[in-house]
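# Secondary and tertiary structure notes
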Amino acid sequence: MADEHSFDISASIDMMEVKNALEVAKKEVANRFDFKGLKAEIELDEKDKTITLLSSSDSKIDALKDIVISKLIKREIPPVALSEKSRENASGGNTKCILKLNDTLDSDNAKKITKAIKEAKIKVNASIRGDEVRVVSKSIDELQNTIKLVKGLNLELPLSFKNLK
């Protein structure tokens, strides 16, 4: 039996699942009656990790956003993985909305996590390692308590807990 147990906290999403969800969303938009004859586009930019929505009005953009979010949820990608970056008028009287995929644990959120763990006085050691937080303890129960604590922080990130050893 190991002397110490550990796990990593990160914020990551599966880009293949995002692609699949967007393809399903595009098919649904093509078949929906309220989008017949209207411009409705959903584009993914993998390099910038953004989703661009383009349609004829704000209400149609909201409908597109709801469709995309529902398809992502079905693929087990939480809605907090998306944030609206900008909304602007595009050419031809259309409206353009850019959604940002949040899939990295930035240093501010990593510090919030480690601070909350230390303030809870759980018998674990938390350290920031790049875009992950490593949590180490002698007790698996303490690690499970830490997972509950971090989930309870309600950070606007798709947190994942990996490599529980």
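The structure contained in this document is the topic of the report that follows. The shown structure was predicted, so the numbers you read here are calculated from the model rather than taken from an experiment. Along each chain, residues carry numbers from 1 onward, in the same order as the chain's sequence is written. Only residues with pLDDT of at least 70 are given local features in this predicted model, and only at 80 or more are side-chain atom pairs given and counted; all residues enter the totals for whole chains, interfaces and linings. The side-chain figures draw on all heavy atoms in the structure; neither hydrogens nor water molecules are used.

### Quick look at the side chain of Asn102
Looking at the secondary structure, you find Asn102 in the loop between β5 (95–101) and α3 (107–119). In protein, a polar contact means a hydrogen-donor-capable atom and an acceptor-capable atom, both N or O and within 3.5 Å, with residues adjacent in sequence counting only if both atoms are side-chain atoms; elsewhere, any N or O pair within 3.5 Å suffices. A distance of 3.4 Å separates a polar side-chain atom of Asn102 from the backbone oxygen of Val80. In this description, contact between two residues means that some pair of their heavy atoms is separated by no more than 4.5 Å. Asn102 has contacts with Val80, Ala81, Leu82, Ser83, Glu156, Leu157 and Pro158, leaving out every residue within four places of it along the chain. We count a stretch as a helix when DSSP gives it H or I for four or more residues in a row; a strand needs E for two or more, and each element gets its number in order from the N terminus.

### Some points on the sheet that holds strand β7 (residues 132–137)
Two strands qualify as a pair provided DSSP detects at least 2 bridges between them. Read across the sheet, four strands follow the order β6-β7-β1-β8 without closing on themselves; strand pairing throughout is antiparallel. Edge positions in the open sheet fall to β6 (125–129) and β8 (159–162), since each of these has one partner strand only. Direction aside, the axes of adjacent strands within the sheet are offset by 25° on average. As paired elements, strand β1 (residues 5–11) and β8 share four bridges and run antiparallel to each other. Counted as the bridge partner of Ser10 is Ser160 from β8. Every angle, taken between N-to-C directions, lies between 0 and 180 degrees, and every axis is a line fitted to C-alpha atoms, over only the stretch in contact when it is a helix. In the packing of α3 onto the sheet, contacts are made with β1, β6, β7 and β8, and the angle to β6 comes to roughly 170°.

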